[in-house]
Amino acid sequence: MLSRVSSSFTSGAFARFASVKYFTKTHEFIDVEDKIGKVGITQYAATHLGEIVYAELPEIDAEVTKEEVLCAVESVKAASDVVMPVAGIVTGVNSELESRPAMINEDPFLGWIAEVQISDLEELDGLMTQADYQEYLQHCDH
């Protein structure tokens, strides 16, 4: 019975709701479902920054271009800009980061910063897949 239930979750209508993660060389991610993406920094970036103590959240309805600074995060060691991987309009923010910015360190995908409506899905083609990003990390300074 369990195998029949599991297979139904990986095919058919449920598969439409699966998200796909893309990554930049500057260690941002965008977790995409349809034309909506959640943007944040990767575990690699969070680890290298150290404990995140502040996350500047962007304005809702802000129109942001690809490679434009979306916002910034601050840690006990440094501050870092978060750069947009694609162009889009900010449709939401992770307001939980206002009181718990360290969520980014705990789990960057749960500690996403902004939700954006992607302007051009073809811009995703210039980003790395999760496998490509893991390969890229092999060549980064540790």
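Residues numbered from 1 in each chain as written. Predicted model: local features only at pLDDT ≥ 70, side-chain atom pairs only at ≥ 80, totals over all residues. Heavy atoms only, no water.

In the nomenclature of an unreviewed UniProt entry, the chain is known as Glycine cleavage system H protein of Carpediemonas membranifera. The UniProt entry for the chain carries the following comment under Sequence similarities (unreviewed entry): "Belongs to the GcvH family." As its UniProt record puts it under Subcellular location (unreviewed entry), the chain is described as follows: "Mitochondrion". (UniProt positions renumbered as here; feature names shortened; annotations may be inferred.)

Novice: When you look at the pairing of strand β2 (residues 28-33) in this model, what are you seeing that I'm missing?
Specialist: Along any regular strand, the residues point their side chains to alternate faces of the sheet. Of all six residues that make up β2, five are buried, and the element is covered over most of its length. Direction of pairing for strand β1 (residues 20-23) relative to β2: antiparallel, over a ladder of four bridges. Each residue of the ladder has a partner; that of F23, found in β2, is F29. In this antiparallel pair of consecutive strands, β1 and β2, the connection spans four residues, and H27 shows a positive phi of 75°. Two strands pair when backbone bridges link them, and β2 and strand β3 (residues 36-41) are joined in this way by six bridges, in the antiparallel orientation. Considered in β3, the bridge of E28 is made with I41. (Buried < 20%, exposed > 50% of the residue type's maximum accessible area, 1.4 Å probe, protein only. Helix = DSSP H or I, 4+ residues; strand = E, 2+ residues; numbered from the N terminus. Pairing = 2+ DSSP bridges.)

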